[in-house]
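The residues making up each chain are set out below.
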Amino acid sequence: MTSTAGPMRKPFVLRYPSVAIFLIVLTLFTATITVLGEGFGIGLISTSFVKTLGKTLCLCLAALAMDLVWGYTGILSLGHMAFFGIGGYAIGMWLMYARTEIIVIESLASSALPPTAQEISDGIATQIFGVVGASEFPPIWAVAHSLPLQLAAVVLVPGLLALVFGWLAFRSRVTGVYLSILTQAMTLALSLYLFQNDSGLRGNNGLSGLQNLPGLDSVPQSTVSILFFWASALALGLGYLVCAWMVSGKFGSVIRAIRDDESRVRFLGYSVEAYKLFIFTFTAVICGIAGALYYPQAGIINPAEIAPIASIYLAVWVAIGGRGRLYGAVIGAAFVSLLSTWFTGGQAPDISLGFYTIQWVDWWTILLGLSFVAVTLFAPRGIGGLIDRFAERRAPDRHGADLGPDLGSLREKEADE
């Protein structure tokens, strides 16, 4: 009796070697940093640098989202770092509340009478909002005491904001540069609102002390930094796997077609607006998760982090890495962000020209802008294109072979990459 079942299909990771290679490299990198770090290793790498690497992994995750929405779908969003910041604020609210609650309870423990719940709440509010002249919790902090609800806000708030904004924009068929301007305007409006003291998020002061995890005072920062580094690496690995799976099948073909010729895809009967809305919302959620992992490692978040320039930087990273390539987005974000840390951190030596001294702290943004222009003009595939050449990847042969009397009716199926 012969079996009617077809040949067993290879697992997704084996069918796409680039995904397997990325996950292996990420795993080896994570293990190496763990061994060399101070938390669980031999201490060759400082805790501050481990935090820098952890933050870089979070930025790589945001770059993945940007590549999916821009490189694959053709939506140049200049507002995705706003979703990144919202995720940071969502987790930061709980961190500040829970940490301040411990401090207030300890300070009231010496009172003659046990403090009431209202006294504890008033003390927490005064500690948090005294810097902006307030002593009461704004409505936005109604669930700040609950970690599960704030974790839900990390996903829901960026997702709902992107869903509403995207529905209004795509329903009106706003495209191209006009859509980019709208996303930038949304980011600017949110940033200006958060700068106000009555926004409920401490205005220009932002949320600070986020590196102090409640209940883990006895755990050294060297250990905490490694734990966040692991979480950031895990999030990046899962994010890369999901994004690669999405762009590998029919869904990926449709969004690439939308990028290349939106009108034709609509003519073929596809709901272009639904695809674009899903990608826009999904990538906003990814950015929110990345922000929630980033800011506890940074220790502070303020409205300047949501300014439009941050989203422009994100687009530059993806362009330099090579948009339309997931690994290119990761490489671009890692390369440029680490280089930026080196130049702006005072580690790059100044160059004396006799009549003028180049200080990289002041010239880094100019260098970055020139790099973006150079990549756009001379290397549109970015760093990812160099990897393609090194790996000797070739585009599939599309001319096909004649399989019937009508030369235009039947063609070979395109080689599966």
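Note that this is a predicted model, so its numbers are computed, not measured.

Chemist: Report on the overall build of the chain, specifying residues and quantitative values.
Modeler: A count of helical and extended segments in the chain gives 15 helices and four strands. Across its three principal axes, the chain shows a C-alpha extent of roughly 100 × 60 × 55 Å. Every one of the 417 residues in the chain was classed for burial, and the buried ones make up 45%. Long-range pairs, those at least 24 residues apart, make up 74% of the contacts in the chain between residues at least 6 apart in sequence. Counting every atom, the chain has about 22,000 Å² of accessible surface; 65% of that belongs to carbon and sulfur. Charge-centre separation for the chain: the mean point of 24 positive side chains lies 11 Å from the mean point of 25 negative side chains.

Chemist: Outline the side chain of Gln297, listing residues and values.
Modeler: You can see Gln297 is positioned in helix H11 (residues 272-298). A polar atom in the side chain of Gln297 sits 3.1 Å from the side chain of Ser232. Not counting residues within four places of it along the chain, the set of residues in contact with Gln297 comprises Lys51, Gly54, Lys55, Cys58, Phe228, Phe229 and Ser232.

Chemist: Talk me through unusual backbone geometry; I want residue IDs and the actual numbers.
Modeler: The phi torsion at Arg173 lies on the positive side, around 60°, for a residue other than glycine. For Arg173, the position within the fold is in the loop between helix H6 (147-171) and helix H7 (176-194). Positive phi is not limited to glycine here, since Arg202 has a value of about 65°. Relative to the helices and strands, Arg202 is located in the loop between H7 and strand E1 (207-208). According to the relative accessible area criterion, Arg202 is buried, its value standing at 8%.

Chemist: Kindly report on the pattern of salt bridges, identifying the contributing residues and their values.
Modeler: This model, assessed by the stated rule, comprises six salt bridges. Ionic pairing is found between Arg266 and Glu262, a salt bridge with its closest N-O pair at 3.0 Å. Pair noted here: Arg266 and Glu262 are both in helix H10 (residues 262-267), with a separation of four residues, about one helical turn. Close ionic contact of Glu262 with Lys276 constitutes a salt bridge, the shortest N to O distance being 3.2 Å. Here Lys276 lies in helix H11 and Glu262 lies in helix H10, a separation of 14 residues in the sequence. Comparing Glu262 with Lys276, the two get one shared label, buried. One salt-bridge network, in which partners are shared between bridges, spans Arg173, Glu262, Arg266, Glu273 and Lys276.

Chemist: Kindly report on the confidence of the model for the chain, identifying the contributing residues and their values.
Modeler: Mean pLDDT over the chain: 86, with 91% of residues reaching 70 or higher. Mean pLDDT in the chain bottoms out at helix H15 (residues 382-390), which sits at 73, and peaks at H11, which reaches 96. For the stretch residues 395-417, pLDDT sits under 50, and the model shows 19 contacts to residues farther than four places along the chain or on other chains.

Chemist: Describe the nonpolar core, with residues and values.
Modeler: Within the largest apolar cluster, 113 residues are counted, with the highest numbers of intra-cluster contacts made by Leu68, Phe84, Trp141, Leu207, Leu236, Tyr240 and Leu326. Counting residues per element, this core draws most heavily on helix H3 (residues 47-72), which supplies 16 residues. Residue contacts for Leu68: discarding those within four places in its chain leaves Thr73, Cys243, Met246, Val247, Ile255, Ile279, Phe282 and Thr283.

Chemist: Describe helix H2 (residues 17-36), naming the residues involved and giving the relevant values.
Modeler: Spacing of three or four residues puts side chains on the same side of an α-helix, whose turn is 3.6 residues. Its 20 residues place the ends of H2 28 Å apart at the C-alpha level, agreeing with the 28 Å of an ideal helix rising 1.5 Å per residue. Here H2 has its buried residues at Val19, Ala20, Phe22, Leu26, Thr30, Ile33 and Thr34. Across the axial projection of H2, the buried residues extend over an arc of 170°, all falling on one side. Opposite the packed face of H2, turned more than 90 degrees from it, sit the exposed residues Ile21, Ile24 and Leu28. Residues of H2 that are buried make contact with helix H1 (12-15), H3, helix H8 (221-248) and helix H13 (326-344).

Chemist: Give me the lowdown on the packing of helix H12 (residues 308-321) against helix H14 (residues 360-378), citing residues and values where you can.
Modeler: At their nearest, the axes of H12 and H14 sit 10 Å apart, and the two run at 45° to each other. When the axis of H12 is compared with that of H14, the two are oblique. The two elements H12 and H14 cross, and the hand of that crossing is left-handed. Contact residues: H12 offers Tyr313, Val316, Ala319 and Ile320, while H14 offers Thr365, Leu368, Ser371, Phe372 and Val375. Here the contact of H12 with H14 is built from residues that sort into seven nonpolar, two polar and no charged.

Criteria and thresholds
- Residues numbered from 1 in each chain as written.
- Predicted model: local features only at pLDDT ≥ 70, side-chain atom pairs only at ≥ 80, totals over all residues.
- Heavy atoms only, no water.
- Helix = DSSP H or I, 4+ residues; strand = E, 2+ residues; numbered from the N terminus.
- Buried < 20%, exposed > 50% of the residue type's maximum accessible area, 1.4 Å probe, protein only.
- Contact = heavy atoms within 4.5 Å.
- Areas by Shrake-Rupley, 256 points an atom, 1.4 Å probe, with all protein chains shown as cover.
- Lys, Arg positive; Asp, Glu negative; His and termini not counted.
- Charge placed at Lys NZ, Arg CZ, Asp CG, Glu CD.
- Polar contact = N/O pair within 3.5 Å; in protein donor to acceptor, adjacent residues only side chain to side chain.
- Salt bridge = Lys/Arg side-chain N within 4 Å of Asp/Glu carboxyl O.
- pLDDT = per-residue confidence, 0-100.
- Core = buried A, V, L, I, M, F, W, Y, C linked by side-chain atoms within 4.5 Å.
- Expected span 1.5 Å × (residues − 1).
- Arc of directions from axis to C-beta.
- Axes fitted to C-alpha atoms, helices over the stretch in contact; angles between N-to-C directions.
- Parallel < 35°, antiparallel > 145°, perpendicular 65-115°, else oblique.
- Left-handed = near helix turned anticlockwise from the far one by under 90°.
- Nonpolar A, V, L, I, M, F, W, Y, C, P; charged D, E, K, R; others polar.

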